[in-house]
Amino acid sequence: MPQALASPGPARWGRLLAATVIACLLALAHASARAGDKPPAPVAVPDTLAQRLQPCLACHGAQGRASAQGYVPRIAGKPAGYLLHQLLNFRDGRRRHATMSHFLANQGDAYLAEMAAHFAGMDAPYPSPPAPPDNAATALARGALLAQQGDAGRQLPACQSCHGAALTGRQPAVPGLLGLPRDYLIAQLGAWQTGSRQALAPDCMATIARSLAPQDISAVALWLASQPVPTHPQAVAANDGLATLPWPAGLPCGSQPRSP
Amino acid sequence: MSPRRLLAAIALALLAWLLWPPQAAPEHPPDAAPTAAQIERGAYLARAGHCAGCHTARGQAPYAGGRGIATPFGTVYASNLTPEPDTGLGRWREPDFWRALHEGRSRDGHLLSPAFPTGNFSHIARDDARDLWAYLRSLQAVHRPNTPHSLPWPLGTQAALKLWRAAFFWPAPDTAQAPAPGTAGRGAYLVQGLGHCDACHAPRTMLGSVGSLATVHSGQAMPAEPWLAPSLASPLGDGQALGPAPQLHRFLKTGLSDQHAALGPMADVVAGSTQYLRDDDLQAMVAHLLTLNPQAAAAPTATAAPMPAAQLAEGERLYKQHCADCHGAQGQGAPGIYPPLRGSHVVQMPSPANLIRIITTGGFAPGTAGNPRPYGMPAFDLPHTELATLSTWLRQSWGHHATPVTEVDVLIRR
């Protein structure tokens, strides 16, 4: 009936609708009856960086902040430039950690930059730092002095002069030093001394680390690890003259463009 | 001649042959200037051969050598291939390079270590060798003296290499032209020659000689690495360990297929080599690889004692806790993102080495043009008992019948 098909009346519309609904229901029933011998539906996976980067969270924590007790450093809120340099260093062998190198060995620069930006953008609240041991007053005082004033006699700049007055880092590539486990800090300064951690040349941090005596490393790591982390531990701007002391003269850094 | 004298003469002749000094190649005239097209083809062939996989050290100048290749006999250091005259190939000419590929001899005549897969590269045709040479000459010259191999005496000596080669190496026929893309024989040429897939995937004897890719075996141990390179001829489960063809093609091109993610040494191969191959060459290689597995329908052979009920429940609990979020309650996975474990070749391989390795170290599929932002798997630092129980559960769930994994299996592989 070509005419009827071309313009069905109201009653025919109703019947057509009913027929369609019944057909759909039948198809559904048929499908569910067959579902028993069908493989289960694939897992639904969110297309997010957080999901892609699940392996990182296993050690660095869901909020990128790890724990102050162990070894693993916080990465949340560190400057993206710093994080990218570290990812490249691990991938290309300038910094050594078996798991990090294994994860990054075959990843491209663009993906590493995405990872860096992802963790740099996190703003994680921090628990109180671990209390330093009771008998550590002398070491704490020495650590505080090195971090805040340095040691001019040995041409050691204060940590604050590059890492920011609040030690929360400096854009684009100087990391914050708070919220890091003491063991991690000691290991990094030691690795710089032996050359198993390197930054882009000229490697300013290697120069500084090599001037540190073992008791200096222990003291400054103890003091840094015992400082509370500010509510928003974001890195200061590169040229924030108020929050940072002037960059130490004669200390060029390959990883950080010279700021005014 | 008395028999004793004859024997002495033979011994003397053998000694003379063993100790005869290497003969340097004659001086060849300078090479003709390479064309841009030759260099481009050579760059492609260098990818197909994954030359940089050994000849570039991590984070160092491309093709300047220095990477240590662990072998069961000691560490062999890849050489500097850049055109630097004193430490690289700057004084070499094209015939020298051809001889190195085809006969495994350096310019000064000494025999190259069999870690350099001469048995494969001997199959490379002259036109491809010419293009590869054009590419190597176009590289930036880097001064980096070669690192001496670290092999116990007498393994590194020329006499030892002569004996080894007398037993295990014959140069392939000298061919002028490689099979053209799209022609018959192209896949076998790439797999057996430049691709040197058998260097890892074929079984090796105790003396380091390489068998056939078509051998069904339980996985070839990677030297100094806790990975097994699976047999490419193994019939397993539904017989689709490698294929079907479009999936294997995608695996080589992107590092991921619906069934597999490339991890471990194969991730390096995909990232540095196969992802760059043209689709027609990949198709040819895949077609050849799939001919290695003629008994595709063979049933799994392992017959395992079923797990005790208590262990079964514990295995399921561990799976739900650690694995099910990504790999699915039924092991169905998210094909192309998280590989399915149900029916997985890796899960059911005769040896649990790769399964244990993957659980304990996790990892990312390689970042490739086709999959530039891979999803990753965390490393699971589980106690030995839990790892053994979980691995056994995986190997015996969803219709799998692989052998159980003991704590000892776990201990020796961590």
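Higher on the page you've got the structure.
Counting from 1, residues in each chain are numbered in the order their sequence is written. Starting at A for chains and at 1 for ligands, labels are handed out in the order in which the entities are written. Totals for whole chains, interfaces and linings use every residue, but because this is a predicted model, local features are given only for residues with pLDDT of at least 70 and side-chain atom pairs only at 80 or more, for both listing and counting. Only hydrogens and water are set aside when side-chain values are computed; all heavy atoms of the structure are taken into account.

1. Looking at the overall build of chain B
Rules: Strands here are runs of E lasting at least two residues and helices are runs of H or I lasting at least four, both read from the DSSP assignment and numbered beginning at the N terminus. With C-alpha atoms as the basis for the radius of gyration, the globule rule is written as 2.2 Å multiplied by the number of residues raised to the power 0.38. Here's how the labels work: a residue is buried when its accessible area is under 20% of the maximum for its type, exposed when over 50%, partly exposed in between, all with a 1.4 Å probe on protein chains only. Only heavy atoms enter the contact rule, under which two residues are in contact if any of them lie within 4.5 Å. Accessible areas in this description were obtained via Shrake-Rupley with a 1.4 Å probe; residue shielding takes into account the shown protein chains only.
Helix and strand content of chain B: 18 helices and six strands. The C-alpha atoms of chain B give a radius of gyration of 24 Å, which matches the 22 Å a tight globule of 414 residues would have. Counting across all 414 residues of chain B, residues that qualify as buried make up 47%. Considering only residue pairs separated by 6 or more positions, chain B has 65% of its internal contacts joining residues 24 or more positions apart. For chain B, the computed accessible surface area is about 19,700 Å², with 61% contributed by carbon and sulfur atoms.

2. Brief notes about the pairing of strand β1 (residues 68-71) of chain B
Residue and element names in this part refer to chain B. For clarity, the threshold we go by: Two strands qualify as a pair provided DSSP detects at least 2 bridges between them.
Sheet topology note: the β1/strand β2 (residues 74-77) ladder contains four bridges and is antiparallel. What sits directly across from threonine 71, in β2, is glycine 74. Counting the residues between successive antiparallel strands, the hairpin from β1 to β2 contains two residues.

3. Structural notes on the interface of chain B and chain A
Cut-off, in case you're wondering: Buried area, as used here, totals the accessible surface that two parts lose on assembly, with accessibility defined by a 1.4 Å probe and the loss added over both. Every case where a carboxyl oxygen of Asp or Glu lies within 4 Å of a side-chain nitrogen of Lys or Arg is listed as a salt bridge. In the analysis that follows, any N or O atom pair within 3.5 Å is treated as a polar contact, provided that within protein one partner can donate a hydrogen and the other can accept it, and provided that, for residues neighboring in sequence, both atoms belong to side chains. Side-chain classes follow a simple rule in which Ala, Val, Leu, Ile, Met, Phe, Trp, Tyr, Cys and Pro form the nonpolar group, Asp, Glu, Lys and Arg form the charged group, and the remainder, Gly included, forms the polar group.
Across the boundary between the two partners, chain B contributes 32 residues, which contact 27 residues of chain A. The junction of chain B with chain A conceals about 2,200 Å² of combined surface from both sides, 57% of it contributed by carbon and sulfur atoms. On the chain B side of the interface with chain A, the three residues burying the most area are Arg58(B), Phe364(B) and Arg373(B), jointly 33% of the side's total. Remark: the boundary between chain B and chain A carries one salt bridge. Of the charged contacts in the structure, one is a salt bridge between Glu114(A) and Arg373(B), with a shortest N-O distance of 2.8 Å. Counting every contact that joins chain B to chain A gives 17 residue pairs in polar contact (both at pLDDT 80 or more). Taken together, the elements giving at least two residues each to the side of chain B that touches chain A come down to α11 (265-272), α14 (324-327), β5 (363-364) and β6 (376-377) of chain B. Considering only residue class, the side of chain B that touches chain A consists of 16 nonpolar, 11 polar and five charged.

4. Examining the packing of aromatic side chains
Note the following rule: When two rings of Phe, Tyr or Trp (its six-membered ring) have centres within 6.5 Å they constitute a pair, described as stacked for plane angles under 30 degrees, edge-to-face for angles over 60, and tilted for the intermediate range. Ring-over charges, as used throughout, are those where CZ of Arg or NZ of Lys falls within 6 Å of the ring centre and within 35 degrees of the ring normal.
Following the criterion strictly, the structure yields 11 aromatic pairs over all chains and no others. The interplanar angle of 75° and the centroid separation of 5.3 Å between the aromatic rings of Phe116(B) and Phe121(B) together place this pair among those described as edge-to-face. An aromatic cluster of at least three residues, connected via ring pairs, comprises Phe103(A), Tyr111(A) and Phe364(B). Above the ring of Tyr276(B), the side-chain terminus of Arg47(B) is found at 3.7 Å from the ring centroid. Stacked on the ring of Tyr44(B), the Lys or Arg Arg278(B) has its end atom at 4.6 Å from the ring centre.

5. Some remarks on the nonpolar core
Residues and elements named next belong to chain A. This is how the line gets drawn: Buried Ala, Val, Leu, Ile, Met, Phe, Trp, Tyr and Cys residues form a nonpolar core when they are joined through side-chain atoms within 4.5 Å.
Core analysis: the largest hydrophobic core is formed by 54 residues, its most contacted members being Leu53, Phe119 and Leu224. Secondary-structure elements contributing two or more residues to this core are α4 (54-60), α5 (80-92), α6 (98-104), α7 (109-120), α8 (137-148), α10 (182-194), α11 (204-210) and α12 (214-225). If you tally residues by element for this core, the top one is α12, at seven residues. Setting aside residues no more than four positions away along its own chain, phenylalanine 119 makes contact with Leu53, Cys56, Leu57, Ile75, Ala76, Gly77 and Leu83.

6. Points about the packing of helix α16 (residues 353-361) of chain B against helix α17 (residues 384-396) of chain B
Residue and element names in this part refer to chain B. Test applied: For helices, the fitted axis covers only the stretch in contact; all axes are lines through C-alpha atoms, and the angles between them, taken along N-to-C directions, range from 0 to 180 degrees. If an angle is under 35 degrees, it is roughly parallel; if it is over 145, roughly antiparallel; if it lies from 65 to 115, roughly perpendicular; otherwise it is oblique. Crossing chirality is assigned from the near helix's rotation relative to the far helix, an anticlockwise turn below a right angle marking it left-handed and a clockwise turn marking it right-handed.
The contact between α16 and α17 brings their axes to 11 Å, and the two run at 125°. One element, α16, and the other, α17, form an angle in the oblique class. Relative to α17, α16 is oriented so that their crossing is right-handed. Two secondary-structure elements touch here, α16 through Leu355, Ile356, Ile359 and Thr360 and α17 through Leu387, Leu390, Ser391, Leu394 and Arg395.

7. With respect to the pattern of salt bridges
Summed over the entire model, instances satisfying the criterion amount to 22 salt bridges over all chains. Residues Asp47(A) and Arg52(A) are paired through a salt bridge, measuring 2.7 Å at the closest nitrogen-oxygen approach. Judged by its relative accessible area of 58%, Asp47(A) is exposed. Here Arg41(B) and Asp131(B) are joined by a salt bridge, their closest N and O atoms 2.7 Å apart. Remark: Asp131(B) occurs in helix α6 (residues 126-138) and Arg41(B) occurs in helix α2 (residues 36-48); sequence separation between them is 90 residues. For Asp131(B), a relative accessible area of 5% translates into the label buried. Three or more residues joined by partner-sharing salt bridges are found here, namely Arg142(A), Asp151(A), Arg154(A) and Asp216(A).

8. Points about the state of the cysteines
Residues and elements named next belong to chain A. Short version of the rule: Note on terminology: disulfide denotes any pair of cysteine sulfur atoms within 2.5 Å.
Overall, the coordinates contain one disulfide over all chains when judged by the stated rule. Of all cysteine sulfurs, the one in cysteine 59 lies closest to cysteine 56, which takes part in no disulfide; the gap is 9.2 Å. Judged by relative accessible area, cysteine 56 falls into the buried class, the value being 16%. Classification of cysteine 59 as partly exposed rests on a relative accessible area of 48%.

9. A few points about empty space enclosed by the protein
Residues and elements named next belong to chain A. Condition: With a 1 Å grid laid over protein atoms only, a set of points is called a cavity when a 1.4 Å probe fits there but cannot get out and a pocket when it is open yet has protein on both sides within 12 Å along at least five of seven lines; lining residues have an atom within 4 Å of a point. Grid points are joined across faces, edges and corners, and a volume is the space filled by probe spheres set on the points.
Under the criterion given, the structure shown has four cavities of 30 Å³ or more. If you trace the largest cavity, you find 37 residues lining it, with His163, Pro175, Leu177, Trp192 and Met205 closest to the centre. Looking at the lining of the largest cavity, the elements with two or more residues in it are α5, α9 (159-163), α10, α11 and α12. No other element matches α10, which puts five residues into the lining of the largest cavity.

10. Focus: unusual backbone geometry
Comment: phi is negative for the bulk of residues other than glycine, and the bulk of peptide bonds are trans. For the peptide bond that leads from Ala201(A) to Pro202(A), omega is -5°, which places it in the cis range. For the bond running from Trp153(B) to Pro154(B), omega is 5°, close enough to zero to count as cis. With respect to the secondary-structure elements, Pro154(B) resides in the loop between α6 and α7 (158-168). The phi torsion at His50(B) lies on the positive side, around 50°, for a residue other than glycine. Phi angles above zero are rare outside glycine, and His196(B) is one such case at about 35°. Overall, the relative accessible area of 18% leaves His196(B) in the buried class.

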